[in-house]
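Chain by chain, the residues:
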Amino acid sequence: IVVAMTQFYVVEEEDVDFLAKISKLDPDDRLLYDLVREFHGNVPIKARHPALVFTEDDTTFVITEGIQETKSKKKGLVSTASLQDSGNHSTYHQDDSGKMLPTRVKLHHISNGTGDVAPVCMTYAGLAEDEMPDPDLDFLVVEVEGLGIGGYGVGDSNVLGYALFMRGTRGAEKKRFEWMRKNLLFPFIDNIRMKYFRFDSSQGVVIPDDLVAVCCADGDNSQLATIVNEESVDEYDSKGVKCVKHNASRTGVEQAADNSKVFPSSKSSNKKITVKEIPSDQHLLKGSLEETFNNLRAKGVLRLKKQGAVVDFMAKFPVLYTRACVRENVIHGFVKTGQLDGKFGIVPVWHQLIATRRTIPTVDEYNTLLNAFFPTMAYSFNNGMQYVSDEYLINEHGFPADIDINGATAIRDAGISQENRQRAKVLNGSGEKKKRADLAASVARKAERKEAEKKFKLDLTFRSEEKIVEQLCKLAGVEVSEKNLRFAKMEHFNRLKAPELKQFIKSRSATMTTAKSMSHLKKPHSALADAQRGVENCVSAAFNVRTLPSRVLAKKDEMEVVSQSEDNMQSTVNEFASSPTVYRVSWDRSVIMKASALLSDAEWMGRFLGLVGLAGQQQKPIDDELKARADQLQTSLDLRFTNHVKTKVPLNQHHYFILNWLRKNLVIDAVHMVLCDHVKRKLDRVMPHQCLLRPACNAFLMCTNAEANLHGAYLHYDDNLCEWIRSGSADGEKGMGGRNDTHRKRAENDTNHDNSRFYNLWPSTKSSRAINNPVRMGHWEDLTQYVAVGFTPSEQVLEVCSKDLSEGGIFFYSEEEKAKIRGTNINGCKDGQKFTRAIAYLFEIGYDIALSSEFNVSESPGAEAFGLRKREDLED
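Draft legend 1. Local environment of a positive patch on the surface. On the surface, a cluster of positive charge is contributed by Lys446, Lys450, Lys454 and Lys555. Sorting elements by how many residues they give to the positive patch places helix α17 (residues 430-476) first, with three residues. Here lysine 450 is to be found in helix α17. Overall, the relative accessible area of 51% leaves lysine 450 in the exposed class.

Draft legend 2. Quick peek at the packing of helix α11 (residues 284-298) against helix α12 (residues 307-324). Viewed as axis vectors pointing N to C, α11 and α12 meet at an angle of 145°, and their least axial separation amounts to 9 Å. Between α11 and α12 lies a crossing whose hand is right-handed. From α11, Leu285, Lys286, Leu289, Glu290, Phe293, Asn294 and Arg297 reach across to α12, where they touch Gln307, Val310, Val311, Met314, Ala315 and Pro318. Taken together, the residues of the contact of α11 with α12 break down into eight nonpolar, two polar and three charged.

Draft legend 3. Main features of the confidence of the model for the protein chain. The share of residues in the protein chain with pLDDT of 70 or more is 90%, and the mean pLDDT across the chain is 86. The model gives residues 72-101 a pLDDT under 50, and that stretch makes 48 contacts with residues more than four places away or in other chains. Note that residues 566-591 has pLDDT below 50 and, in this model, 26 contacts with residues that lie over four places away or in other chains.

Draft legend 4. Main features of the sheet that holds strand β16 (residues 711-718). With antiparallel pairing, four strands are arranged side by side in an open sheet as β15-β18-β16-β17. The sheet is open, and its two edges are formed by β15 (701-702) and β17 (723-730), each paired on a single side. As paired elements, β15 and strand β18 (residues 783-791) share two bridges and run antiparallel to each other. By the bridge assignment, leucine 701 is partnered in β18 with valine 787. The strands that helix α27 (residues 735-748) touches are β16, β17 and β18; relative to β16, the one it contacts most, it runs at about 45°.

Draft legend 5. Up close: the environment of leucine 710. Secondary-structure assignment places leucine 710 in the loop between β15 and β16. Residue class for leucine 710 comes out buried when judged on its relative accessible area of 17%. In sequence terms leucine 710 and valine 612 are 98 residues apart; their C-alpha atoms lie 9.9 Å from each other. Apart from residues no more than four positions distant in its own chain, leucine 710 is found in contact with Gly735, Met736, Val787, Gly790, Phe791 and Thr792.

Draft legend 6. Region of the structure containing the pattern of salt bridges. Applying the stated criterion across every chain, the model contains 42 salt bridges. A salt bridge links lysine 106 to glutamate 173, with the nearest nitrogen and oxygen atoms 3.2 Å apart. Pair noted here: lysine 106 is in strand β6 (residues 103-112) and glutamate 173 is in helix α5 (residues 172-197), with a separation of 67 residues, a long-range link. Residue glutamate 129 is joined to arginine 167 by a salt bridge in which the shortest nitrogen-to-oxygen separation is 3.6 Å. Taken together, the residues glutamate 129 in the loop between β7 (121-127) and β8 (139-145) and arginine 167 in strand β9 (residues 160-167) connect sequence positions 38 residues apart. The exposure class assigned to arginine 167 is buried, which follows from its relative accessible area of 12%. When salt bridges with common partners are traced through the structure, they connect Asp58, Lys106, Glu173 and Arg176 into a single cluster.

Draft legend 7. Structural detail: unusual backbone geometry. Its identity is not glycine, yet asparagine 42 carries a phi of approximately 60°, on the positive side. Considering the arrangement of structural elements, one finds asparagine 42 in the loop between α3 (31-39) and β2 (45-47). Within the chain, aspartate 677 stands out as a residue other than glycine whose phi angle is a positive 60°. Along the polypeptide, aspartate 677 turns up in the loop between α26 (657-675) and β15.

Draft legend 8. Just the nonpolar core, in detail. Core analysis: the biggest nonpolar cluster contains 69 residues, and Leu693 and Phe811 have the highest contact counts within it. Secondary structure elements with two or more residues in this core: α23 (595-599), α24 (602-612), α25 (624-648), α26, β16, β18, α29 (795-801) and α31 (831-849). A per-element tally of this core places α26 first, with 13 residues. Those residues in contact with leucine 693 that sit more than four places away from it in its chain are Met673, His678, Val679, Lys680, Leu715, Trp724, Tyr847, Ala850 and Leu851. Formed by 44 residues, the second largest nonpolar core is a distinct cluster that contains Ala256, Leu302, Leu304 and Leu340.

Draft legend 9. Representation of the pairing of β7 within the structure. Counting buried positions over the seven residues of β7 gives five, a clear majority of the element. Sheet topology note: the β6/β7 ladder contains two bridges and is antiparallel. By the bridge assignment for β7, leucine 107 is matched with methionine 122. In terms of strand pairing, β7 meets β9 through five bridges, oriented parallel. Its bridge partner being in β9, threonine 123 is matched across the sheet by leucine 164.

Draft legend 10. Fine view of the packing of helix α15 (residues 363-381) against helix α16 (residues 390-397). The geometry of α15 relative to α16 is characterised by a closest axis approach of 11 Å and an angle of 120° between their N-to-C directions. The pairing of α15 with α16 is recorded here as oblique in orientation. Our pair here, α15 against α16, has a crossing hand that is right-handed. Counting all contacts with α15, which are made through Thr368, Ala372, Pro375, Thr376 and Tyr379, the residues of α16 involved are Tyr392, Leu393 and His397. Each residue belonging to the contact of α15 with α16 can be placed in one class, and the counts come to five nonpolar, three polar and no charged.

Draft legend 11. A look at the sheet that holds β7. In spatial order, the strands read β8-β9-β7-β6-β3-β10-β11-β14; together these eight strands make up an open sheet with mixed pairing. Sheet topology places β8 and β14 (425-426) at the edges, where each strand pairs with a single neighbour. Looking at chain direction, strand β11 (residues 241-245) and β14 are connected through two bridges and run antiparallel. Within β14, the residue paired with valine 244 across the bridge is valine 426. Against the sheet, helix α13 (residues 327-336) contacts β3 (53-63) and β6, and its axis sits at roughly 75° relative to β6.

Definitions and cut-offs
- Residues numbered from 1 in each chain as written.
- Predicted model: local features only at pLDDT ≥ 70, side-chain atom pairs only at ≥ 80, totals over all residues.
- Heavy atoms only, no water.
- Patch = residues over 30% accessible without salt bridge, like charges linked within 9 Å, V, L, I, M, F, W, Y side chains within 5 Å.
- Areas by Shrake-Rupley, 256 points an atom, 1.4 Å probe, with all protein chains shown as cover.
- Salt bridge = Lys/Arg side-chain N within 4 Å of Asp/Glu carboxyl O.
- Lys, Arg positive; Asp, Glu negative; His and termini not counted.
- Charge placed at Lys NZ, Arg CZ, Asp CG, Glu CD.
- Helix = DSSP H or I, 4+ residues; strand = E, 2+ residues; numbered from the N terminus.
- Buried < 20%, exposed > 50% of the residue type's maximum accessible area, 1.4 Å probe, protein only.
- Axes fitted to C-alpha atoms, helices over the stretch in contact; angles between N-to-C directions.
- Left-handed = near helix turned anticlockwise from the far one by under 90°.
- Contact = heavy atoms within 4.5 Å.
- Nonpolar A, V, L, I, M, F, W, Y, C, P; charged D, E, K, R; others polar.
- pLDDT = per-residue confidence, 0-100.
- Pairing = 2+ DSSP bridges.
- Core = buried A, V, L, I, M, F, W, Y, C linked by side-chain atoms within 4.5 Å.
- Parallel < 35°, antiparallel > 145°, perpendicular 65-115°, else oblique.

The following block contains the structure:
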C-alpha cells in the first residue's frame with residue numbers, strides 16, 4: 001500500500017513511451033500498476049522515475065590497521081592472557097600484541113533506482129573525552145577531498161566525502177541524522193533533479209508532482225525523531241520528498257540498501273585491502289589524512305587512540321567503495337525488494353513485494369492480500385496516507401496476526417507516539433501529521449492542566465495550613481503568626497477536626513509524615529481528657545509539635561522566591577531532548593477468548609444476561625456486524641489496558657495476579673458495551689487518547705429509582721462539556737446511589753483532605769473550593785450519574801460469579817486466581833462477595849480505559865481492595 005501510494009501518481013495525459021514499456025512487461029510484473037490504475041478510476045497514471053526513488057541506511061565496518069587476518073571478520077578482540085581466564089565467555093582468535101585492535105565505523109549509504117550514490121559519510125561515534133578533549137566540542141566534521149567513488153587511488157576525482165567524529169553524548173545520534181539530512185540527503189536529491197530533469201530547486205519554484213521524490217529509511221529511533229517533528233516534516237514537504245519508513249525489524253528483507261550488493265562487496269574488500277605498507281609520500285590521500293589528524297592532535301581537538309586504523313580505512317575506502325558501487329550492485333536491491341521491475345526498472349512489482357514476507361503465502365492468503373488492496377488503499381490514501389495498523393487489517397480483512405518465536409500471537413500495537421515500532425508508513429502524509437498534531441495538542445493540554453492542578457493543590461494545602469494557624473492563634477488570643485503557636489493550649493487543639501490535626505502533625509513531625517505512620521492517632525470524644533492523661537492521640541501529637549516550623553509554609557516561601565527569580569529568566573528547550581524509557585508489560589495473549597465467540601455461545605449469553613439483566617435497555621441484535629465490532633473493541637480495550645497499567649500502576653505491582661485476571665476478562669466488558677450500544681460506531685477512527693463511548697443518550701440508564709440500588713459500575717457525565725469524566729464501582733449495601741451520595745458530600749465539603757482531582761475539578765457550588773478555583777472544569781451539579789453495568793447481588797449471582805466459564809460460570813478464572821480472590825482480606829466481605837467486588841472492578845476499569853485521557857479525572861488504578869495502589873509520582 002505504501003509503495004502504491006508513493007511510487008505512482010496520476011497524470012493528465014498518457015505517457016506513450018511509458019505505456020509502451022508497460023505493455024512489454026509480464027502480467028505479474030505489471031499487476032500492481034494495473035491495480036493502482038483501477039483504484040484511481042482507470043485514469044492515466046505513471047510510476048515515479050527510478051532516479052527519484054531513494055534508499056538510505058547505515059552499515060557498520062570493523063576496521064584495523066592492515067589486512068584482517070584469517071577468515072574472521074574481526075581480529076584480536078581478546079588478548080592471550082585473557083584466554084586463560086575465559087571460562088564460558090565467548091572468545092575470538094588470540095592477539096599476542098595484547099591490544100584491542102579493531103574499531104567500528106558507520107557508513108551512511110544513500111542511493112537511488114538508477115544506481116547513483118550520494119557522497120560518502122562515515123561516522124566515528126562514541127569517542128571518549130580524552131579523544132575529544134574540548135568540552136565545548138562534541139561533533140566534528142572533517143571534509144576530505146577524494147574520499148568517494150572515483151576518488152584517490154581509483155581516479156583523480158576530488159569528490160568530497162565526510163568523516164564525522166562524535167563524543168558519546170546524549171542526543172548525538174539525532175544530531176548526526178539532522179546533519180546528514182541537511183548536508184547529504186536533500187542536496188543529493190536536488191542534484192539528481194538537476195542532472196536528470198534540469199530542474200533547479202534553488203530557484204524557489206514549487207516542485208511539480210512528477211519530480212516528487214520517495215526516500216525509504218529503516219526507522220531508526222534517533223532518525224525518526226529528527227523527521228517527525230513539525231519543522232522537519234514541513235521541510236520534507238517543501239523539498240518535495242515523500243519519506244517512507246520500513247517495517248520495524250524487517251529492513252533486512254524490505255530495504256533496497258540492505259539487499260543491494262554494495263554492503264557485502266565493500267566489506268569483503270575491506271578485509272583484503274590495506275595501504276599500511278605504502279609510504280605516505282607515495283599516497284596523497286593517506287599523507288593528507290595523517291597531516292590533518294596530526295594537526296588536530298597538536299591543537300587538542302582530536303586525539304584518536306586508533307589513528308592508524310582510521311587513516312588506513314579512509315585512505316583505501318575510495319577503492320573498495322568504487323568497486324562495490326557499480327550500477328548493477330546498487331540497483332540489485334531495488335529489484336530484489338520489488339521497488340523496481342527487473343526488465344526496465346520503471347515500476348514496482350507486486351509479487352516481489354509479497355516475497356519479502358517471512359513465509360510464502362498460501363493461495364487463500366494471497367487472495368486475502370489481493371481482495372484487501374482496494375479497501376485498504378482507500379482507507380489510507382483517502383485519509384492523507386494514514387498508517388494501516390494491525391488492528392485494521394485483522395479486524396477488517398481477516399489478516400492473521402503474526403506469531404513470535406514462542407508461538408504466541410504478536411500484534412504491532414504501537415501508536416503515533418511509538419512510530420519506530422510501527423509497520424511501513426508514509427511519515428509525512430497529511431493523515432499522520434494530523435495525528436501527531438492532535439497528540440501534541442493533547443499532551444500539551446494535559447501537561448498544562450496537570451501543572452495547574454499541582455499548583456492548585458499546593459495552594460489549597462497552603463491555605464489550609466494558614467487557616468489552622470490562624471484558628472489556633474485566635475483561640476489563644478494572640479497575633480496570627482506561626483511563632484505564636486507556642487501559646488496555644490491543648491484545649492485549643494481539641495477544637496480542630498481530626499483531618500486538620502493530622503495535617504498539622506504531618507507538616508511538622510519528623511517521624512509522622514505519612515497516613516500510615518499516623519494511622520494509630522485517633523480523636524474520640526474523650527480526646528482532650530485522654531491527651532491530658534498522657535495518651536498519644538491526634539490532640540496530644542499536634543500539641544507536642546506546635547513549636548516546630550511547618551514544612552508546608554516553608555515550601556510556600558521557597559516557591560515564592562523561585563517564582564520571582566524565574567520571572568527574569570527565559571526558558572530554553574533542548575533541541576535534541578532524548579526520548580523517555582518505555583516499560584513494556586508482557587502478557588500472554590494466546591489464551592484470551594474473542595468477544596465474537598462469547599456472543600455466539602447461546603448458553604453463556606443466557607447466563608450473562610441473567611447477571612446484568614439489561615432491564616430497560618435496548619439490546620442490540622447479535623449479528624456478524626456486532627460481533628466484528630465487539631472483537632474490534634476488545635482489541636482497543638486490551639491496548640488501552642496496557643497503557644493503564646503502565647501509567648497508573650506502580651512498577652513493583654505489575655506482577656499482581658489481579659491485573660492478569662482483569663486483562664483476560666476485558667472481553668466481557670467488550671461484549672457488554674456493544675450489546676448496550678454504549679460505544680461509537682466507527683471504532684477504527686477513534687484515536688487511543690479519545691473516548692470510545694457514545695455521548696450520553698437513551699442507551700445509558702440514569703442512576704435513579706431502582707437503578708440506584710444496583711451494584712456494579714457507574715459513570716459520571718458532564719452535561720455542560722458533554723464528556724464522560726470518570727467511572728466508579730459500587731458493591732456495598734447502598735449501591736450506586738449510596739456511592740453518589742458520598743461523592744456529593746465530598747464535593748460540597750469546604751475541604752478536600754486527600755486532594756482528590758475529582759473534587760478539585762468538579763466541586764459543588766455549595767463549596768468554597770468552587771470560588772477562585774483556576775483548575776475547575778465544572779461543578780458537581782453539572783454531573784449526572786449513569787449505570788455502566790448493574791446487577792443485583794443474590795445467592796444465585798454469587799454462585800455463578802465465582803465459577804469459571806468451563807464450570808457453567810460467566811467469567812474466566814484459574815484455580816490459583818480463585819484461591820487468591822478468596823484469600824484476599826476485604827473488610828466485611830465473605831468469599832462470594834469478594835468475587836462480585838472483583839467483577840465490579842472489572843467493569844469499572846473497562847469503562848475507565850474507554851474514556852478520553854484528556855477528560856478522565858481518575859488517577860487510580862482500580863482494584864484497590866486487591867492491593868493495587870496509585871503510583872507515588874501521581875501523589876502530591
